[in-house]
Amino acid sequence: MAFDLVRKRLTKELKVLTENPTPGIRVVDDFTDMRKVRIDIEGASGTLYEGEKFQLLFKFSDQYPFDSPQVTFIGSNIPLHPHIYSNGHICLSILTDDWSPALSINAVCLSILSMLSSCKDKSSPPDNDWYVRTASSDPKKTRWWYHDDAV
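Residues numbered from 1 in each chain as written. Predicted model: local features only at pLDDT ≥ 70, side-chain atom pairs only at ≥ 80, totals over all residues. Heavy atoms only, no water.

Looking at an unreviewed UniProt entry, one finds the chain named N-terminal E2 ubiquitin-conjugating enzyme, with Adineta ricciae as its source organism.

*Asks:* I'd like to hear about unusual backbone geometry, residue by residue, with values.
*Replies:* With an omega dihedral of 10 degrees, the bond running from Tyr-64 to Pro-65 counts as a cis peptide bond. Structurally, Pro-65 can be placed in the loop between β3 (53–59) and β4 (70–74). (Helix = DSSP H or I, 4+ residues; strand = E, 2+ residues; numbered from the N terminus.)

*Asks:* So what's going on with the pairing of β4? Which residues, and what values?
*Replies:* Regular strands place their side chains on alternate faces of the sheet. The element β4 is extensively covered by neighbouring structure, given that four of its five residues are classed as buried. As judged from the five bridges shared by β3 and β4, these two strands associate in the antiparallel manner. Following the sheet pairing, Lys-59 is matched in β4 by Gln-70. (Buried < 20%, exposed > 50% of the residue type's maximum accessible area, 1.4 Å probe, protein only. Pairing = 2+ DSSP bridges.)

*Asks:* Can you explain the environment of Ile-84? Please cite residues and give values.
*Replies:* Structurally, Ile-84 is set in the loop between β4 and α2 (105–117). In the structure, Ile-84 is positioned 66 residues away from Thr-18 in sequence and 26 Å away in space, judged by C-alpha atoms. Contacts of Ile-84, omitting those with residues within four sequence positions, involve Phe-73, Ile-78, Pro-79, His-89, Met-115, Leu-116 and Pro-125. (Contact = heavy atoms within 4.5 Å.)

*Asks:* Quick rundown of α2? Include the residues and the values.
*Replies:* Look at α2: 18 Å from first C-alpha to last across 13 residues, which is about the 18 Å you get at 1.5 Å a residue. Inspection of α2 places Ile-105, Val-108, Cys-109, Ile-112, Leu-113, Met-115 and Leu-116 among the buried residues, and these make up the whole buried set. Take α2 and look down its axis: the buried residues cluster within an arc of 160 degrees, on one side only. Looking at the packing, one finds that the buried side of α2 touches α1 (2–19), β1 (25–27), β2 (36–42), β3 and β4. (Expected span 1.5 Å × (residues − 1). Arc of directions from axis to C-beta.)

*Asks:* Please provide a residue-by-residue account of the sheet that holds β4, values included.
*Replies:* As summarised here, the arrangement of the four strands in space is β1-β2-β3-β4, forming an open sheet in which the pairing is antiparallel. Each having just a single partner strand, β1 and β4 make up the two edges of the open sheet. Averaged over all pairs of adjacent strands, the angle between their axes in this sheet comes to 30 degrees, without regard to strand direction. Packing against the sheet, α1 makes contact with β1 and β2, and its axis sits at approximately 120 degrees to β1. Sheet contacts for α2: β1, β2, β3 and β4; angle to β2, the most-contacted strand, approximately 35 degrees. (Axes fitted to C-alpha atoms, helices over the stretch in contact; angles between N-to-C directions.)

*Asks:* So what about the packing of aromatic side chains? Which residues, and what values?
*Replies:* Working definition: an aromatic ring pair is given by the centre-to-centre distance plus the angle between the planes. Here the structure, examined in full by the defined rule, presents six aromatic pairs. Judged by centre distance (6.0 Å) and plane angle (80 degrees), the ring pair of Phe-54 and Phe-73 falls under edge-to-face. One end of the pair, Phe-54, is in strand β3; the other, Phe-73, is in strand β4, with 19 residues separating them in the sequence. Across this residue pair, the class does not change: Phe-54 and Phe-73 are buried. Ring geometry for Tyr-64 versus Trp-99: centroids 6.1 Å apart, planes at 40 degrees, classification tilted. On the criterion of sequence distance, the pair formed by Tyr-64 in the loop between β3 and β4 and Trp-99 in the loop between β4 and α2 is long-range, its members being 35 residues apart. (Phe/Tyr/Trp six-rings, centres within 6.5 Å; stacked < 30°, edge-to-face > 60°.)

Below, the structure is given as structure tokens:
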């Protein structure tokens, strides 16, 4: 019953994404499990990630949109980026502290594409090895420190 409201919101968001897709963002799911949705994104032209394809996995709780989705990169091509860990976790404030119910799947994807597009150097986060060894499988359980907006 609780997930019915979430399903209604997600159906609306996904309909917009599939009927009027944003360049570089593509829904690739069959929606059999609305709690998990896979989105493919492509690096924007003129950036370090131009033409590269990445997969995002969105996981939704019964509290969505009041609770942010869990969003991770999956697959064999996880971007090399100072705010993306090799386990797919993304250090992005709108996925935790700065989440707002007004945000959507599309807004999150656009923020991630923007983060990739503004990157000046493909490199791992300085604490990547330690983080990957010690982190929970749920990136929302991480207490992120947002100290570097220059990447």
